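Chain and residue survey
Listed below are the residues making up each chain.
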Amino acid sequence: MKECSAHVGQPFSMAIGYASHQRPSSKENTDGKFISPFHDIPLHARAEQDSDVPAKKSKTNWDKNVFNMVVEVPRWTNAKMEIATKELLNPIKQDIKKGKLRYVSNIFPHKGYIWNYGALPQTWEDPKHIDNDTKCCGDNDPIDVCEIGSKVCTRGDVIQVKVLGILALVDEGETDWKVIAINIDDPDAEKFNDIEDVKKHKPGYLEATVDWLRTYKVPDGKPENQFGFNGKFKGQEFALEVIKSTHEHWKNMLHKKSDKGEIECKNVTVNESPFCCPEDEAASIVQSAPSPGSPNKVTADVDTWHFLNQ
């Protein structure tokens, strides 16, 4: 399969929006193409920006464990933004449930998301594939990433991250892997090469991650989430195998070798995929999208702190 030729580190502009508090976005690369952040951004980072541009300085294990991450939710924010997998070109937009915009609750001592949160493009947790370890099917989304660097990113950023480990969350009976990674441009990135380095250099962060993921739905009246491996993190090598597997599932979906269900697979760069469309068609999709409208007012309860019995 010929995959996206777009290069890492390019600026992407906000292109479309809908009526909501957090404006959704489609993506346009520096070549002027509107693209899907799900399908058209390559999974693997590239060491070279262009054939006529000097290669970036080599990073530790660059080819092996550095991937592109699409930032959906900047750290400390509450709006549940995500790649809209069931919409054409998969814009990033705020999730809606029962007619209301979704926000994650603040559970003491946390404020919003405690990492830059997002997804690995060109991966898919197949809902018809039963994971050998969790014994549960996938959650029908790209694989999630918790980026632990010091910089607070911006929604829609595409950053290069070094994978360190992974956590097997079981959310309402579905496998929902959470990759732990760090921005390769973080000042301390060279110190982090596996999950044990997070324990050493950011003590308490992994424990807080498990606590956050276990309880974040409790204020909404739902039970605590469960975990595979008794809530223990698996290391880098295990994480890379999970990423490889979900990338293969994505490839099968883009080639109609597996049932995509309601997932929208239209793309502009995966040339051998039957879902690949011309650039003018992608532009028409974006231009025909509804205008943003007026933003909704954020209600005061979004800032409420919840205290849970331990």
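Here's what I pulled together on the structure shown here. (Residues numbered from 1 in each chain as written. Predicted model: local features only at pLDDT ≥ 70, side-chain atom pairs only at ≥ 80, totals over all residues. Heavy atoms only, no water.)

Once that is clear, we can look at the overall build of the protein chain. Each helix and strand counted, the protein chain has five helices and 16 strands in total. Taken across its 310 residues, the protein chain has 53% of its residues classed as buried. For the protein chain, the exposed surface amounts to about 14400 Å²; the carbon and sulfur share of it is 48%. (Helix = DSSP H or I, 4+ residues; strand = E, 2+ residues; numbered from the N terminus. Buried < 20%, exposed > 50% of the residue type's maximum accessible area, 1.4 Å probe, protein only. Areas by Shrake-Rupley, 256 points an atom, 1.4 Å probe, with all protein chains shown as cover.)

This part takes up the pattern of salt bridges. On inspection of all chains with the given rule, the structure shows 15 salt bridges. Between Lys217 and Asp171 there is a salt bridge whose closest N-O contact spans 2.8 Å. Of this pair, Lys217 sits in the loop between helix H3 (205-215) and strand E15 (226-227) while Asp171 sits in strand E13 (residues 158-171), and the two are 46 residues apart along the sequence. Lys217 gets classed as buried once you look at its relative accessible area, which sits at 9%. One salt bridge connects Lys178 with Asp176, and the closest N-O pair in it is separated by 3.0 Å. When its relative accessible area of 2% is taken as the criterion, Lys178 is described as buried. In the salt-bridge network here, residues are joined through shared partners; they are Asp171, Glu172, Lys217 and Lys222. (Salt bridge = Lys/Arg side-chain N within 4 Å of Asp/Glu carboxyl O.)

Here Asp126 is to be found in the loop between strand E10 (116-119) and strand E11 (137-138). Lacking a salt bridge, the buried Asp126 has Lys128 as its closest oppositely charged neighbour, with an N-O distance of 7.1 Å. Setting aside anything within four residues of it in sequence, one finds Asp126 in contact with Cys137, Gly138, His249 and Ser258. (Lys, Arg positive; Asp, Glu negative; His and termini not counted. Contact = heavy atoms within 4.5 Å.)

Below, the discussion takes up the packing of aromatic side chains. The full count for this structure, using the stated rule, is eleven aromatic pairs. Between Trp212 and Tyr216, the aromatic rings sit 4.9 Å apart at their centres with planes inclined by 15°, giving stacked as the arrangement. Both residues of the pair, Trp212 and Tyr216, count as buried. Note that Lys234 overlies the ring of Phe229, its terminal NZ or CZ placed 4.8 Å from the centroid. (Phe/Tyr/Trp six-rings, centres within 6.5 Å; stacked < 30°, edge-to-face > 60°. Lys NZ or Arg CZ within 6 Å of the ring centre and 35° of its normal.)

The next subject is the nonpolar core. The biggest cluster of nonpolar side chains holds 51 residues, and the ones touching the most others in it are Trp115, Ile148, Trp212 and Met253. Counting 20 residues, the second-largest nonpolar core is a separate cluster that includes Leu120, Cys153, Val179 and Val242. (Core = buried A, V, L, I, M, F, W, Y, C linked by side-chain atoms within 4.5 Å.)

Let us look at the pairing of E13. Counting buried positions over the 14 residues of E13 gives 14, a clear majority of the element. In terms of strand pairing, strand E4 (residues 66-73) meets E13 through five bridges, oriented antiparallel. Its bridge partner being in E13, Val66 is matched across the sheet by Lys162. Linking two consecutive strands that pair antiparallel, namely E13 and strand E14 (residues 174-183), is a turn of two residues; a positive phi of about 50° is found at Glu172 within it. Judged from the two bridges that link them, E13 and E15 form a sheet pairing that is antiparallel. Across the sheet, Val170 pairs through a bridge with Gln226, a residue of E15. (Pairing = 2+ DSSP bridges.)

Mapping Asp95 onto the fold places it in the loop between strand E6 (92-94) and strand E7 (96-97). Asp95 gets classed as buried once you look at its relative accessible area, which sits at 19%. Looking at Asp95, its side chain comes within polar contact range of the side chain of Arg102, at 2.8 Å. (Polar contact = N/O pair within 3.5 Å; in protein donor to acceptor, adjacent residues only side chain to side chain.)

Looking now at unusual backbone geometry. Following Phe108, the chain continues into Pro109 via a peptide bond in cis, with omega recorded as 5°. We note that Lys98 has phi near 55°; this positive angle belongs to a residue other than glycine. Relative to the elements of secondary structure, Lys98 occurs in the loop between E7 and strand E8 (100-101).

Turning next to the pairing of E14. For a regular strand, side-chain orientation follows a simple rule: the groups alternate between the two sheet faces. Counting buried residues along E14, nine of its ten residues qualify, which places the element largely inside the surrounding structure. Two elements, E11 and E14, share two bridges in a ladder whose sense is parallel. Note on E14: the bridge partner recorded for Gly138 is Thr175. Of the pairings in the sheet, the one linking strand E12 (residues 144-147) to E14 comprises four bridges and is parallel in character. Directly across from Val145, in E14, lies its bridge partner Val179. Pairing analysis gives ten bridges linking E13 to E14, with the strands arranged antiparallel. Directly across from Leu167, in E14, lies its bridge partner Lys178.

Together, Phe108, Trp305 and Phe307 make up a nonpolar patch on the protein surface, roughly 360 Å² of accessible area in all. Within the secondary structure, Phe108 is located in the loop between strand E9 (106-107) and E10. Its relative accessible area of 41% is what places Phe108 among the partly exposed residues. (Patch = residues over 30% accessible without salt bridge, like charges linked within 9 Å, V, L, I, M, F, W, Y side chains within 5 Å.)

So, to be careful, I would describe these as geometric facts and stop short of saying anything about function.
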